[in-house]
Amino acid sequence: MTAALTLRQLCKTYHNGFQALKGIDLDVAEGDFFALLGPNGAGKSTTIGILSTLVNKTSGTVQVFGHDLDRAPGALKRCLGVVPQEFNFNQFEKVFDIVVTQAGYYGIPARVAGERAEQYLTQLGLWDKRHAVSRELSGGMKRRLMIARALMHQPRLLILDEPTAGVDIELRRSMWSFLSELNQQGMSIILTTHYLEEAEQLCRNIAIIDQGRIVERSSMRELLLKLDMDTLLLDLGQTLGEAPLLQGYACQLLDSHTLEVQVPRQRGVTGLFAQLAERHIEVLSLRNKSNRLEELFVSLVQKNLVEDKA
Amino acid sequence: MSAELRCNGVALQTIVRREVRRFTRIWPQTLLPPAITMSLYFIIFGNLIGRQIGDLHGFSYMQFIVPGLIMMAVITNAYSNVVSSFFSSKFQRNIEELLVSPVSPHTIVIGYAIGGVLRGLAVALIVSLLSLFFTHLQVAHLGVTVLVILLTAAIFALGGLINAVFARSFDDVSIIPTFVLTPLTYLGGVFYSISQLPPFWQQVSQINPILHMVNAFRYGILGVSDLNIGLAIAFMLLTLVILYLWCIHLLSSGRGMRS
């Protein structure tokens, strides 16, 4: 199977001397739903900029489905759909015109473009807004318009740079389901996001980039297994004056009804609940203190920072 | 036809259609102002002042200035169409839609240039029709007229594209039209024949490229010229080729658009 994306020793140094990418190697398999995570300024947008040819690389190679960026940029661009972080459509054009025009740039005749526009704008809930001028759309609609536009030439690899930034939770979930559907139909997807829950929900594989280097590359499952401690918040059915002593679990009372418990992965939660039951402590509900991936992400980025300083 | 060529053919149609849609959608800003301005020129210069000037090269003053005024409108509109459209695409970042697509720089340059030429021709048609209210207009050399108007519109459309690539603010977009194009057009023999100037200023005037364009166009319409027409057309062709290659270089390197 051809890799959807292959990066080898990708480097980028901007004119001001800032080294945004320091030799990135990355492979994304065909059909994958891949998360590219990293803190602000880590190099995610530079990487996407190079793929979309809006940023010139300093050195290294880029291949999309075997098409080399230097030797066959046209073929590479036809395989690639990009949804950038910032709105970059004409604010004075109508929704329908924006997507049909984009299709035209890829050589798709007007009749076919019209049919696809109807298909994608309908799927993304924008068909009723097709005659609206784009600047009149809400933030969420603008995000969906950019997704519809990127799909018009039916790319094999779709790259989304923080597609759900500023989008409410209901809309975010409908976008997740739409993207999952695209992936199930065979489209390879690379996602950058600050919502780590989003990456955990959607993506099978993950790379974490920090200070221009890949600091972690594995499957989502393997990565989460590395997390050796979960922090759980238990909502209690009764009032407690002090935290109970639980063997093998560190805990503290956040308020009279909420208990924070550190759960070592090898111990699991069965023993915890057994001890709570022995003490007649009723638990109404439980939740993770923070997203599991978020904890791991923070620890990896901090570790990289310490190593870099050393 | 190869897939690449067919793809660029559709892309070219798309760019041209988008450009025409843009300048027709905002017609009160693009097509109406030249109609009003030129009508005022016809009334004030042609009718009121022109009566006191008398004939030039055997034509009434009104007939003499009509070709120059048409050229003036073509130059201004072809240039400003491309400079404002391309710069606003850069400003709103929707130029990225084109840059991420497989469209070749040749297609982008030709598409924008055709957009500018079409607006230039639309305005030329409007001004020509308006001039018929004031004077009788006939075309002496149709081929020269069409060739010169197309070359002029294309040259200034490409000039507008270059200006837009280098521009970083809306002020940069208006500097060239205000401080270069307008003075050169007014000094380009639109309202006078250079034969009326002292010999020294006749020589100086010939440095002005717009003078050659206006004269060549006037030759096409009236059949009279102060200068060599063949030389003017050769100069325009050379300028067109140089500006085209410059545009391709700027688009290929992504100057001001790619980091």
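Given the structure is predicted, the values throughout are model-derived calculations rather than measurements.

A.B. asks: Give a detailed account of the state of the cysteines, specifying residues and quantitative values.
C.D. replies: For the structure on display, the rule yields 0 disulfides over all chains. We note that Cys79 of chain A lacks a disulfide partner, and the nearest cysteine sulfur, in Cys7 of chain B, lies 13 Å from it. Residue Cys79 of chain A is classed as buried on the basis of its relative accessible area of 8%. The class of Cys7 of chain B is buried, set by a relative accessible area of 6%.

A.B. asks: Summarise the interface of chain A and chain B; cite the residues concerned and give the values.
C.D. replies: Listed per partner, the contact involves 30 residues of chain A and 25 residues of chain B. For the pair chain A and chain B, the summed buried area comes to about 2,500 Å², and 48% of that belongs to carbon and sulfur atoms. For the chain A face of the interface with chain B, the top three residues by lost area are Leu54, Asn88 and Tyr105 of chain A, together amounting to 30%. For the pair chain A and chain B, the number of links is 5 salt bridges. Put simply, Glu86 of chain A and Arg93 of chain B hold a salt bridge, and the shortest N to O gap is 2.8 Å. In this assembly, chain A and chain B are joined by 18 residue pairs in polar contact (both at pLDDT 80 or more). For the side of chain A that touches chain B, the element with the highest residue contribution is helix α3 (residues 95-105) of chain A, accounting for 6 residues.

A.B. asks: Lay out the environment of His15 of chain A in plain terms, naming residues and giving numbers.
C.D. replies: Mapping His15 of chain A onto the fold places it in the loop between β1 (3-13) and β2 (19-29). Here the alpha-carbon distance between His15 of chain A and Arg135 of chain A, two residues 120 residues apart in the chain, equals 33 Å.

A.B. asks: Kindly report on a nonpolar patch on the surface, identifying the contributing residues and their values.
C.D. replies: Residues and elements named next belong to chain B. A cluster of nonpolar side chains, namely Trp27, Leu32, Ile36, Leu40, Ile43, Ile44, Leu48, Ile49 and Ile53, defines an oily patch on the protein surface of about 780 Å² accessible area. Considering each element in turn, the nonpolar patch owes the most residues, 8 residues, to helix α3 (residues 32-53). Relative to the assigned elements, Trp27 resides in helix α2 (residues 27-30). The exposure class of Trp27 is partly exposed, given its relative accessible area of 46%.

A.B. asks: Which residues make up the layout of surface pockets, and what values go with them?
C.D. replies: Size it by volume and the largest pocket reaches roughly 840 Å³. Leu54 of chain A together with Arg93, Glu96, Met257 and Ser259 of chain B are the residues nearest the centre of the largest pocket, which is lined by 40 residues in total. For the lining of the largest pocket, the elements supplying multiple residues, two or more each, are α1 (44-51), β6 (80-83) and α5 (139-151) of chain A together with α4 (61-92), α5 (95-99) and α7 (142-166) of chain B. When the residues that make up the lining of the largest pocket are grouped by side-chain class, the tally is 18 nonpolar, 11 polar and 11 charged.

A.B. asks: Which residues make up the pairing of strand β3 (residues 33-37) of chain A, and what values go with them?
C.D. replies: All names here are of chain A. Taken across its 5 residues, β3 has 5 buried, putting it largely inside the fold. Across 3 bridges, β3 lies against strand β8 (residues 188-192) in parallel orientation. Each residue of the ladder has a partner; that of Ala35, found in β8, is Leu191. Two strands pair when backbone bridges link them, and β3 and strand β9 (residues 205-210) are joined in this way by 4 bridges, in the parallel orientation. Looking at the pairing, Phe34 lines up with Asn205 of β9.

A.B. asks: Please provide a residue-by-residue account of the packing of α5 of chain A against helix α6 (residues 169-184) of chain A, values included.
C.D. replies: Residues and elements named next belong to chain A. Put simply, α5 and α6 touch, their axes get as near as 11 Å, and they point 10° apart. As far as their axial angle goes, α6 and α5 are roughly parallel. Contacts between α5 and α6 involve Gly140, Arg143, Arg144, Ile147 and Leu151 from the first element and Leu171, Met175, Phe178 and Leu182 from the second. Taken together, the residues of the contact of α5 with α6 break down into 6 nonpolar, 1 polar and 2 charged.

A.B. asks: I'd like to hear about empty space enclosed by the protein, residue by residue, with values.
C.D. replies: Considering all chains together, one arrives at 2 cavities of 30 Å³ or more under this definition. Contributing elements (two or more residues each) for the lining of the largest cavity: β3 and α1 of chain A. Looking at the lining of the largest cavity element by element, the count peaks at 3 residues for α1 of chain A. In terms of residue class, the lining of the largest cavity is made up of 8 nonpolar, 1 polar and no charged. In this structure, the second largest cavity spans a volume of roughly 40 Å³. If you go around the second largest cavity, the residues you meet are Asn90, Glu93, Ile98 and Thr101 of chain A together with Arg18, Asn94 and Glu97 of chain B.

A.B. asks: Tell me about the sheet that holds strand β12 (residues 250-255) of chain A, and please be specific about residues and values.
C.D. replies: Sheet strands pair via backbone hydrogen bonds, and the direction of the pair is either parallel or antiparallel. Residues and elements named next belong to chain A. Taken in spatial order, the 4 strands of this open sheet run β12-β13-β11-β14, and their pairing is antiparallel. Taken across any chain shown, the strands that pair with only one partner, and hence form the sheet edges, are β12 and β14 (283-288). Sheet twist, expressed as the mean angle between neighbouring strand axes with direction ignored, is 25°. Where strand β11 (residues 229-236) meets strand β13 (residues 258-264), 7 bridges bridge the pair, whose relative direction is antiparallel. For Thr231, the partnering residue across the bridge sits in β13 and is Gln262.

A.B. asks: Can you explain the environment of Val83 of chain B? Please cite residues and give values.
C.D. replies: Residue and element names in this part refer to chain B. In this structure, Val83 sits in helix α4. C-alpha separation for the pair Val83 and Leu158, spaced 75 residues apart in sequence, amounts to 8.9 Å. Here Val83 is in contact with Gly160, Asn163, Ala164 and Val173, once residues within four sequence places are set aside.

A.B. asks: Could you give an account of the sheet that holds β3 of chain A, with specific residues and numbers?
C.D. replies: All names here are of chain A. Spatially, β6-β7-β8-β3-β9-β10 is the arrangement adopted by the 6 strands of the open sheet, whose pairing is mixed. The outermost strands of the open sheet, each flanked by one partner alone, are β6 and β10 (213-219). Strand-to-strand, the axes of this sheet are offset by a mean angle of 15°, without reference to chain direction. Taken together, the 4 bridges between β6 and strand β7 (residues 157-161) define a ladder with parallel strand orientation. Each residue of the ladder has a partner; that of Val82, found in β7, is Ile159. Of the strands in this sheet, β3, β6, β7, β8 and β9 are in contact with α1, which crosses β7 at around 145°.

A.B. asks: Quick one: what's the story with the pattern of salt bridges, residue by residue and with numbers?
C.D. replies: Applying the stated criterion to the full structure yields 14 salt bridges over all chains. Between Glu4 of chain B and Arg78 of chain A there is a salt bridge; the shortest N-O distance is 3.4 Å. Separated into two different chains, Glu4 of chain B in helix α1 (residues 3-25) and Arg78 of chain A in helix α2 (residues 73-79) make up a pair that spans both. Overall, Glu4 of chain B belongs to the partly exposed group, its relative accessible area being 40%. Arg78 of chain A sits in the partly exposed class, given a relative accessible area of 28%. Across the pair Glu93 of chain A and Arg21 of chain B runs a salt bridge, and its minimum N-O distance is 3.1 Å. Remark: Arg21 of chain B occurs in helix α1 and Glu93 of chain A occurs in the loop between β6 and α3; the pair is interchain, linking two chains. Classification of Glu93 of chain A as buried rests on a relative accessible area of 6%. One network of salt bridges, with partners in common, ties together Glu86 of chain A together with Arg93 and Glu96 of chain B.

Rules behind the numbers
- Residues numbered from 1 in each chain as written.
- Chains lettered and ligands numbered in written order.
- Predicted model: local features only at pLDDT ≥ 70, side-chain atom pairs only at ≥ 80, totals over all residues.
- Heavy atoms only, no water.
- Disulfide = S-S within 2.5 Å.
- Buried < 20%, exposed > 50% of the residue type's maximum accessible area, 1.4 Å probe, protein only.
- Contact = heavy atoms within 4.5 Å.
- Buried area = accessible area lost by both parts, 1.4 Å probe.
- Salt bridge = Lys/Arg side-chain N within 4 Å of Asp/Glu carboxyl O.
- Polar contact = N/O pair within 3.5 Å; in protein donor to acceptor, adjacent residues only side chain to side chain.
- Helix = DSSP H or I, 4+ residues; strand = E, 2+ residues; numbered from the N terminus.
- Patch = residues over 30% accessible without salt bridge, like charges linked within 9 Å, V, L, I, M, F, W, Y side chains within 5 Å.
- Areas by Shrake-Rupley, 256 points an atom, 1.4 Å probe, with all protein chains shown as cover.
- 1 Å grid on protein atoms, 1.4 Å probe; cavity = no way out; pocket = protein on both sides within 12 Å on 5 of 7 lines; lining within 4 Å.
- Points joined across faces, edges and corners; volume = space filled by probe spheres on them.
- Nonpolar A, V, L, I, M, F, W, Y, C, P; charged D, E, K, R; others polar.
- Pairing = 2+ DSSP bridges.
- Axes fitted to C-alpha atoms, helices over the stretch in contact; angles between N-to-C directions.
- Parallel < 35°, antiparallel > 145°, perpendicular 65-115°, else oblique.

Keep in mind that these numbers describe shape and distance, not what the molecule does.
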